[in-house]
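# An overview of the molecular structure
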Amino acid sequence: MDAVLGWLQINVLSWLKPPKTIQVIDIVQIALIAWLVYRMILWMKNTRAYTLLRGILFILAFVVLANLLNMEVIVWLMGNLSVVAFTAVVIIFQPELRKALEQMGHSNFVNSLMAINRSPEENKRFSDHTVSELVRACFEMSEVKTGALIVLERETHLYEYENTGIPLDAVVSSQLLVNIFEHNTPLHDGAVIIRENRIAAATCYLPLSDNMDLSKKLGTRHRAGVGISEQSDCFVLIVSEETGAVSYAQSGRLHAAVSPSELRRALQEAQKIYDDSARILKKGRKRNGI
Ligand SMILES: Nc1ncnc2c1ncn2[C@@H]1O[C@H](COP(=O)(O)OP(=O)(O)OP(=O)(O)O)[C@@H](O)[C@H]1O
């Protein structure tokens, strides 16, 4: 016990001594580090890195124990392996790290810094061409009563739901969407998730809404569409297999049986990048019946 306390005194408590003076720059540094740690935890939650973190914590606990018990060989070995291990982690998690850096570049803060150089087309979340293809696909499927569920990602990332489906990474086109939702094809079940102008994944499983105000006539496709729009700021397109009606859900609210022009208008609104997403989400939580 004395050994443990002694070790803690030297290695941990000595660090925790408050500095004699605190300057503004110290507060800025603390805030920056806290923000970085928070972003890293968020990133880890959405990637395989969470499993890695648990592994690293286990190894750290082992190293601390080895230190306490004066296991010099193990401590020496771990110290020398740490550089190799760090390089290995960077190589293994290269796709996740790249994605994280890309996300950082897409963040609101960076976007607002860069906004000055953007063309009107760049200020849109997805292109006018994508909007046209989506409207065309929905109403073509509506005519032949093909059921469809399409989620357009906006500010909130949908990786959690995307991971339940089959990755596609294909350019959005009405033909491809009609093909995906064609009956008796492997990809027709579940939802398609669209990120910017690409279909990220198909057959995704979405959370069902437990909104009691939703019509009892609506089945799970519509409930899933409303459900994901309650959890994020996404825009959801739904084509009913039963009636052929095209609806969209946003902020937990279902806009049932809309016309092509109504759908286009709503999509054009959802296209805008600098919407106040938090405001939309808050508004949507006031659930609405249909
Ligand atoms: N949680 C879910 N996530 C994604 N897709 C789902 C989910 N639940 C159901 N679906 C899709 O909805 C289909 C079932 O639709 P269902 O008939 O129950 O819904 P509906 O709202 O009545 O729609 P429709 O008017 O098209 O019949 C499933 O085959 C599946 O493709």
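Residues numbered from 1 in each chain as written. Predicted model: local features only at pLDDT ≥ 70, side-chain atom pairs only at ≥ 80, totals over all residues.

### Describing the UniProt feature "transmembrane region" (unreviewed entry) in the protein chain
In the numbering used here, UniProt assigns the feature "transmembrane region" (unreviewed entry) to residues 20-38, 50-68 and 74-93. Helix makes up 79% of residues 20-38 and strand 0%, whereas the separation of the span's terminal C-alpha atoms amounts to 27 Å. Span residues 74-93 is 95% helix and 0% strand, its end C-alpha atoms 26 Å apart. (UniProt positions renumbered as here; feature names shortened; annotations may be inferred. Helix = DSSP H or I, 4+ residues; strand = E, 2+ residues; numbered from the N terminus.)

### Comments concerning the sheet that holds strand β6 (residues 246-250)
The strand order across the open sheet built from 7 strands is β2-β4-β3-β1-β5-β6-β7, with neighbouring strands paired in mixed fashion. The strands lining the two open edges of the sheet, one partner per strand, are β2 (166-171) and β7 (253-255). Averaged over neighbouring strand pairs, the angle between their axes works out to 25 degrees when direction is ignored. Sheet topology note: the strand β3 (residues 191-195)/strand β4 (residues 198-204) ladder contains 4 bridges and is antiparallel. Paired with Ile 193 across the bridge in β4 is Ala 201. Set on the sheet, helix α7 (residues 128-143) makes contact with β1 (148-152), β5 (235-239) and β6; between it and β5 the angle comes to about 25 degrees. Helix-sheet contacts for helix α11 (residues 260-271) involve β1, β5, β6 and β7, and the interaxial angle to β6 is about 25 degrees. (Pairing = 2+ DSSP bridges. Axes fitted to C-alpha atoms, helices over the stretch in contact; angles between N-to-C directions. Contact = placed C-beta atoms within 7 Å.)

### Examining the pairing of β1
Burial within β1 is extensive, with 5 of its 5 residues counted as buried. Taking every second residue as pointing to the same face, both faces of β1 are buried, with Ala 148, Ile 150 and Leu 152 on one and Leu 149 and Val 151 on the other. Alignment of β1 against β5, held across 5 bridges, turns out to be antiparallel. For Leu 149, the partnering residue across the bridge sits in β5 and is Ile 238. Of the strand pairs in this sheet, β1 and β3 are connected by 3 bridges, and their pairing is parallel. Note that in β3 the partner of Ile 150 across the bridge is Val 192. (Buried ≥ 20, exposed ≤ 12 C-beta atoms within 10 Å, placed from the backbone.)

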